[in-house]
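Listed below are the residues making up each chain.
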Amino acid sequence: MGAPRNRAFVRLFLVQASWNYRTMIGGGFLFALLPLLRGMGETGREEGGEGPGANPEGGGHMEAVMARHGGHFNSHPFLAGLALGAVARMERDGAPPEHIERFKDAVRSPLGSLGDALFWTGWLPLVMFLAAVLLLLGFPPLVVVMGALLLYNIPHLMVRRVTLDWGLALGSHAPARLREVGVAHLIEKVRDVGMGILGLLVGVLVSVGPGLTVPPRLPWLAAALALGVVFFRSGPAAGRVAYRMAPIVLILLFVLGSRL
Amino acid sequence: MPSGLQFCFLLASGVLAGLDSTSLGQFLFSRPLVSGLLAGLILGDPGAALPVALVLEMYQLSSVPAGGTRFPEGGLAAVPAVTVAVGVGGGGGMLLGLAFGFLWAELGGRSIVALRRENGRRMAALDAPGTTVTLVTRLHLACLGWDLVRSVVMTLMGLGLAAVMVIWGRPGRPPGGLEDGVLLLLLVPPLTVCLGMLQPDLRRAVFLGLGVMAGLVAGWVL
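Position numbers for residues count from 1 along each chain, tracking the sequence in the order it is written. Note on labels: chains are lettered from A, ligands numbered from 1, in written order. Since the coordinates come from a predicted model, pLDDT governs what is reported: local features require at least 70, and pairs of side-chain atoms require 80 or more to be given and counted, while whole-chain, interface and lining totals use all residues.

1. Here's the deal with the overall build of chain B
Stated formally: Only DSSP runs of H or I reaching four residues or more are called helices, and only runs of E reaching two or more are called strands; each is numbered from the N terminus. Whether two residues are in contact is decided by their C-beta atoms, placed from the backbone, lying within 7 Å.
Per the secondary structure count, chain B includes 8 helices and 0 strands. Across chain B, helices and strands are ordered from the amino to the carboxyl terminus as α-α-α-α-α-α-α-α. Look at the contacts in chain B between residues 6 or more apart in sequence, and 68% of them connect residues 24 or more apart.

As structure tokens, this is what we get:
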């Protein structure tokens, strides 16, 4: 399964290419699943001559499998590999189609919301806020950009790869692995740190922002950090407000800064 | 104005940002902070690019590309926005670049919606019996190809308009150039409209727009 797995892993980066409002990532899911289905034609069920990959150009069982997986499906793109690997494993093990369909229905929302919380509203803002702080403190832009790309993409690539492997190894039990490693707890920690760095960003903007010098700097920085702590302690609602307000605060600071 | 080589790099940077936002990996190239700073480095003035990239990044962060939500395409928009900011220069250039970036990000978001609708029509071919591996691959890669075309067109149009704005906005150039203060007043309405688009509730968007306008005018007057 090594080569098909690698091909599926590469195809997962394109899983959203045919995103649409009807089947969402369903087409991309099938596109990424194809190497695994064809790989099964060389191992596992092929011994009985009934493997899903028995005929790579369609027809018979392969056509039925493709028809089942080309419909609606959605997930966070970074966690889609977990569902993909699990479905491939279940197909290889000969699980009933209705069982596989129920599995896909069951994991769709959790994989979407977990991925959104971990990456789109957790890790991504954290990395961007940190990059902004470093840029405002005078670090070279190229170094900061390269650092941000590395910091963001190392966990990103690891999550994509590891979840695909979990799916292939554990089949329908793979989602339980997410619970075991404490993803929900990790999300909270990432958001806490992100909120602290947002406070740091506000403080740095106020104290060393372009063209804006408001003495004394230290009390402003302390106040901004305190604000970050308040957001951190008051929960996600305040966090959302902070995210919404951040662009407006920044624009005002820059406009005022350009005039001072 | 960017040289031919700089234009090629800017085009590549915009296209990469456009593809990365949905179709290709989401490796962070579609973030305004990354694409905007890369554009600034290409144009040799990362300092002028920083405020534009940073503000567009904050704007982008307030929307989450989850499910079928429409989100601004700030990464691609940051490339022409930074081109304007660097080309015009000064506070006026920054404001002009920002306002253009907001508008272009919103238009980019709408182009993604149109592409997704078209993808839906294209992928409906999978509903018919007789689906083959070749058909699945061809349809999926065709969608990727159309996103490539969309990204190229949006970047080229953005850079073209940016060139016009650089000529129009640069002080001392015909038709006379504009003072920063006048530019600020001219650019407040489109900027606030774009900020208001973030709010699904139109009534609140009006309040948000009024608040930002009042804040900007207060900052300018006081």
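Still more ground to cover, so stick around.
2. Considering the overall build of chain A
Rule in force here: The exposure label follows from counting other C-beta atoms within 10 Å of a residue's C-beta, where the C-beta atoms are placed from the backbone and the thresholds are 20 or more for buried and 12 or fewer for exposed, leaving partly exposed in between.
Each helix and strand counted, chain A has 10 helices and 0 strands in total. Element order for chain A, N to C, with α for helix and β for strand: α-α-α-α-α-α-α-α-α-α. Looking at chain A as a whole, 47% of its 260 residues qualify as buried. Across chain A, contacts joining residues at least 24 apart in sequence account for 72% of those joining residues at least 6 apart.

3. A word on the packing of helix α2 (residues 32–43) of chain B against helix α4 (residues 74–88) of chain B
Residues and elements named next belong to chain B. Quick note on the threshold: A fitted line through C-alpha atoms serves as each axis, taken over the contacting stretch for helices, and the angle formed by two N-to-C directions is quoted from 0 to 180°. In this scheme the crossing of two helices becomes right-handed for a clockwise turn of the near helix relative to the far one and left-handed for an anticlockwise turn of less than a right angle. Three classes are used: nonpolar for Ala, Val, Leu, Ile, Met, Phe, Trp, Tyr, Cys and Pro, charged for Asp, Glu, Lys and Arg, and polar for all others, with Gly counted as polar.
At a minimum axis distance of 8 Å, the contact between α2 and α4 shows a crossing angle of 35°. Handedness of the crossing formed by α2 with α4: right-handed. The segment α2 lies against α4, with Pro32, Ser35, Gly36, Ala39, Gly40 and Leu43 engaging Gly74, Gly75, Ala78, Val79, Ala81, Val82, Thr83 and Val86. The residue inventory of the contact of α2 with α4, partitioned by class, reads 8 nonpolar, 6 polar and no charged.

4. Remarks on the nonpolar core
Worth spelling out the cut-off: By definition, a nonpolar core groups buried Ala, Val, Leu, Ile, Met, Phe, Trp, Tyr and Cys residues that are joined through C-beta atoms within 7 Å.
Judged by nonpolar contacts, the single largest core of 120 residues is most densely connected at A:Leu84, B:Val52, B:Ala81 and B:Val82. Among the elements that line this core, the one with the most residues is helix α5 (residues 97–136) of chain A, at 17 residues. Ignoring any residue separated from it by four or fewer positions in sequence, one finds A:Leu84 in contact with A:Ala8, A:Leu12, A:Phe29, A:Ala32, A:Leu33, A:Leu164 and A:Gly167.

5. Considerations on the confidence of the model for chain B
Short version of the rule: Confidence of the predictor at the level of single residues is captured by pLDDT, which takes values from 0 to 100.
Taken over all residues, the pLDDT of chain B has a mean of 82, while the share at 70 or more is 76%. Taken over the whole predicted complex, pTM reads 0.79, whereas the ipTM for its chain interfaces reads 0.79.

6. Section: the packing of α4(B) against helix α6 (residues 133–169) of chain B
In a pair of packed helices, the angle between the axes and the distance between the axes together describe the arrangement. All names here are of chain B. Rules: Orientation is classified from the angle alone, with under 35 degrees giving roughly parallel, over 145 giving roughly antiparallel, 65 to 115 giving roughly perpendicular, and any other angle giving oblique.
Their axes nearest at 9 Å, the elements α4 and α6 cross at an angle of 15°. In terms of orientation, α4 lies roughly parallel with respect to α6. Crossing of α4 against α6: the hand is right-handed. Of α6, the residues touching α4 (which contributes Leu76, Ala77, Val79, Pro80, Thr83, Val84, Gly87 and Val88) are Ser151, Met154, Thr155, Gly158, Leu159, Leu161, Ala162, Met165, Val166 and Gly169. Residues of the contact of α4 with α6, tallied by class, amount to 12 nonpolar, 6 polar and no charged.

7. Topic: the environment of A:Met128
When you line up the elements, A:Met128 lands in helix α5. Expressed as a C-alpha distance, the spacing of A:Met128 and A:Tyr152, which sit 24 residues apart in the sequence, is 9.1 Å. Those residues in contact with A:Met128, other than ones at most four positions away along the chain, are B:Arg31, B:Leu33, B:Glu57 and B:Leu61.

8. Some points on unusual backbone geometry
All names here are of chain A. Positioned with a positive phi, Met24 is a non-glycine residue whose angle comes to about 50°. Topologically, Met24 is positioned in the loop between α1 (2–12) and α2 (26–40). Judged by C-beta crowding, with 23 C-beta atoms within 10 Å, Met24 ranks as buried.

9. Some words on α4(B)
What counts, and what does not: Here the expected length of a helix is defined as 1.5 Å per residue gap, with one fewer gap than residues.
Its 15 residues place the ends of α4(B) 20 Å apart at the C-alpha level, agreeing with the 21 Å of an ideal helix rising 1.5 Å per residue. The first or second residue beyond α4(B) is B:Gly89, which carries a positive phi of 80°.

10. Examining the confidence of the model for chain A
Residues and elements named next belong to chain A. Averaged over all residues, the pLDDT of chain A equals 79, while 69% of them reach at least 70. Ranking the elements of chain A by mean pLDDT puts helix α9 (residues 217–234) last with 51 and helix α6 (residues 141–170) first with 96. Contacts of residues 53–58 to residues separated by more than four positions or lying in other chains number 26 contacts, the stretch itself having pLDDT below 50. Of the regions scoring below 50 in pLDDT, residues 209–221 engages in 21 contacts with residues more than four places distant in sequence or in other chains.

11. Topic: the environment of B:Leu54
Residue and element names in this part refer to chain B. By the element assignment, Leu54 lies in helix α3 (residues 46–61). Its 27 C-beta neighbours within 10 Å are what place Leu54 among the buried residues. The spatial distance from the C-alpha of Leu54 to the C-alpha of Leu41 is 15 Å, given a sequence separation of 13 residues.

12. Side note on the environment of A:Arg38
Residues and elements named next belong to chain A. You can see Arg38 is positioned in helix α2. By the C-beta count within 10 Å, which is 20 here, Arg38 ends up buried. It is 14 Å that separates the C-alpha atoms of Arg38 and Leu84, two residues lying 46 residues apart in sequence.

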